[in-house]
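# Report on the structure
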Amino acid sequence: MTATQHIALISVHGDPAIEIGKEEAGGQNVYVRQVGESLAKQGWQVTMLTRKTHPDQEPIVEHHDNCRTVRLTAGPETFVHRDKIFPYLPEFVTQIQHFQQDVGIQYSLIHTNYWLSSWVGMELKQRQPTVQVHTHHSLGSVKYRSVSDIPPIASTRLATEKRCIETIDRVIATSPQEMEDMRKVTSKGNIEVIPCGTDIHRFGSIPKTTARQILGISPETKLVFYVGRFDPRKGIETLVRAIGHSQLRGKADLQLIVGGGSRSGHKDGDERDRLIALVRDLGMEEFVHFPGRIADGQMAEYYAAADVCVLPSHYEPFGLVAIEAMACGTPIVASAVGGLQYTIAHEETGLLVPPKDDIAFAEAIDRILCNPEFREELGLAARQRVLEQFSWDSVAERLSRVYTQLLEEPVLQL
Ligand code: UDP
């Protein structure tokens, strides 16, 4: 690599510069931002390209030297649900070309994120020589198995994902499970496993007692924590029901915090309203809390304060929340699905249980809450596992090696 090598991370619907936890912003936004910043530290000139979703948004946000977000106008400058963005993609490709002309750069490598961006990347590759690397973040072939309302865009998405796996230079699977899922789509193509990472300095810097003092939580409280988007596939209902079944209910100061989400009227807001109603119906309002979006700066405090962090997803390609909590020394109870089976070592750093099984979740959560020594052991091993395998710098180093290797090979224009 030369120090001036320009690369672009393309994330059409996941703006790396916006607040995480609101609306549709989640793991993909974090991944793109963190990978971008870590790659810049290693000497790459990184531009992160995304779609502008509000007229007041800055068109360019500088994060660090050599790392910026550029917002391109494609379609209306307003939030558009990801299932409705496809018609605006040709315009997005044209805007990338205009932007390159304006700044006098041609990206020699593009790393695309989610199927929408993979389409953009494949289209750009027809127009200029460039290497394409891709991370799916979510696979239609898996997702559509776990949802009842399949959107009209599904067939386009499935076909695009297959073409992407088969034809682009390198596809990154964030876990061996995701690689297997891709292999069920097609046996062709170059796939490599490189996990997501987390900030091992930010997460893990606060002792539990300090975190509880800051948040005003008593040392006696048995605190269960969830954070993430309010998407039905996150399985939050299973967690709420599990807490309802806990043997500690009514016997100890059991509290559940369900963090994340945005205002009513948005898709995640509706899911949150549904869950708040469920909590009311189950008579659990006194000990189940919905604090809304948790600011970046407070995440480490919440994880550290919790006795256990729960991820009840029906499908989870990777699950950044798992490694963030683990980095803070907090054990996890999670569904045995997708990437969670890779990040969490069952009985060592947390407990894996069947998805949608609220009784199994209740038992696993109680096992940790009722055994402080077991909790301690799991928590220490969890932090250790993250240090060894999941720091952003190590992830970016591995991506960097892939980029360098691909850039040294002759580029084939499609
Ligand atoms: N997050 C946050 N505040 C919130 C909710 C979520 O900062 O209120 C962050 C969380 O720390 C994590 C990301 O959003 O980094 C969620 O990523 P994950 O892979 O767990 O889920 P996804 O959103 O990709 O389904």
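Residues numbered from 1 in each chain as written. Predicted model: local features only at pLDDT ≥ 70, side-chain atom pairs only at ≥ 80, totals over all residues. Heavy atoms only, no water.

Right, let's talk about the overall build of the chain for a bit. Summing up its helical and strand segments, the chain has 15 helices and 14 strands in all. Against the 2.2 N^0.38 benchmark of 22 Å for 414 residues, the chain shows a C-alpha radius of gyration of 21 Å, consistent with a compact globule. Projected onto its principal axes, the C-alpha positions of the chain cover 65 × 45 × 40 Å. Looking at the chain residue by residue over its 414 residues, the buried ones come to 58%. Restricting to contacts in the chain with at least 6 residues of sequence separation, those with at least 24 account for 67%. Of the roughly 16,600 Å² of accessible surface on the chain, a fraction of 49% belongs to carbon and sulfur atoms. (Helix = DSSP H or I, 4+ residues; strand = E, 2+ residues; numbered from the N terminus. Rg over C-alpha atoms; globule rule 2.2 N^0.38 Å. Buried < 20%, exposed > 50% of the residue type's maximum accessible area, 1.4 Å probe, protein only. Contact = heavy atoms within 4.5 Å. Areas by Shrake-Rupley, 256 points an atom, 1.4 Å probe, with all protein chains shown as cover.)

Attention now goes to the environment of S155. With respect to the secondary-structure elements, S155 resides in helix α5 (residues 154-167). Considered as a pair, S155 and T238 are 83 residues apart in the sequence and their alpha carbons are 30 Å apart.

Attention now moves to the nonpolar core. With 95 residues, the main nonpolar core has V224, Y303, V333 and I365 as its most contacted residues. Not counting the four nearest positions on each side in its chain, V224 is found in contact with L239, I243, L254, Q255, L256, I257, V308, V310, I365 and L369. In terms of nonpolar packing, the next biggest core, distinct from the first, is built from 26 residues, A8, Y107, W115 and W119 among them. (Core = buried A, V, L, I, M, F, W, Y, C linked by side-chain atoms within 4.5 Å.)

What follows deals with the sheet that holds strand β8 (residues 191-193). Sheet architecture is open: 8 strands sit in the order β3-β4-β2-β1-β5-β6-β7-β8, paired in mixed fashion. With partners counted over all chains shown, the strands left at the sheet margins are β3 (60-64) and β8, one partner each. Strand after strand, the sheet turns through a mean of 20° between neighbouring axes, direction not considered. Packed onto the sheet, helix α3 (residues 114-127) meets β1 (6-10), β5 (109-113) and β6 (131-135) and runs at close to 175° relative to β6. (Pairing = 2+ DSSP bridges. Axes fitted to C-alpha atoms, helices over the stretch in contact; angles between N-to-C directions.)

Our next topic: the side chain of Q177. Tracing the chain through its elements places Q177 in helix α6 (residues 176-185). For Q177, the residues in contact, after removing those within four places along its chain, are G338, G339, Q341 and Y342.

It is worth spelling out the packing of helix α2 (residues 89-103) against α3 at this point. At a minimum axis separation of 10 Å, α2 and α3 run at an interaxial angle of 50°. By the angle between their axes, α2 is oblique relative to α3. Note on packing geometry: the crossing formed by α2 with α3 is right-handed. Across the interface between the two elements, L89, P90, F92, V93, T94, I96 and Q97 from α2 touch L116, W119, V120, E123, L124 and R127 from α3. Grouping the constituent residues of the contact of α2 with α3 by class yields 9 nonpolar, 2 polar and 2 charged. (Parallel < 35°, antiparallel > 145°, perpendicular 65-115°, else oblique. Left-handed = near helix turned anticlockwise from the far one by under 90°. Nonpolar A, V, L, I, M, F, W, Y, C, P; charged D, E, K, R; others polar.)

With that settled, consider the pattern of salt bridges. For the structure shown, the criterion picks out 22 salt bridges. Between D231 and R229 there is a salt bridge, with its nearest N and O atoms 3.4 Å apart. Salt bridges linked by common partners bring K208, R212, D307, R375 and E376 together as one network. (Salt bridge = Lys/Arg side-chain N within 4 Å of Asp/Glu carboxyl O.)

It is worth spelling out the site of the ligand at this point. As a structural note, the neighbourhood of the ligand is formed by 21 residues, with R229, K234, I294, L320 and E324 the closest of them. G27 places a polar main-chain atom, nitrogen or oxygen, 2.9 Å from an oxygen atom of the ligand. With respect to the ligand, the side chain of E324 contributes an N or O atom lying 2.5 Å from an oxygen atom. Protein contact buries 94% of the 540 Å² of open area that the ligand shows by itself. (Near = heavy atom within 4 Å. Polar contact = N/O pair within 3.5 Å; in protein donor to acceptor, adjacent residues only side chain to side chain.)

The next subject is the packing of aromatic side chains. Aromatic ring pairs are reported here in terms of the distance separating the ring centres and the angle at which the planes meet. Scanning the entire structure with this criterion turns up 10 aromatic pairs. Look at F225 and Y302: their rings are 5.5 Å apart centre to centre, the planes differ by 20°, and that puts the pair in the stacked class. Of this pair, F225 sits in strand β9 (residues 222-227) while Y302 is found in helix α10 (residues 296-305), placing the two residues 77 residues apart along the sequence. In this structure F225 comes out as buried when scored by relative accessible area, which is 0%. A centroid spacing of 6.2 Å and a plane angle of 70° characterise the contact between F318 and F390, whose relative ring orientation is edge-to-face. Remark: F390 occurs in the loop between α14 (372-389) and α15 (392-408) and F318 occurs in the loop between β12 (308-311) and α11 (320-327); sequence separation between them is 72 residues. Judged by relative accessible area, which is 4%, F318 ranks as buried. Aromatic rings pair up to connect F203, F225, Y302 and Y303 into one cluster. The ring of F230 has R272 lying over it, and the distance from NZ or CZ to the ring centre is 5.9 Å. (Phe/Tyr/Trp six-rings, centres within 6.5 Å; stacked < 30°, edge-to-face > 60°. Lys NZ or Arg CZ within 6 Å of the ring centre and 35° of its normal.)

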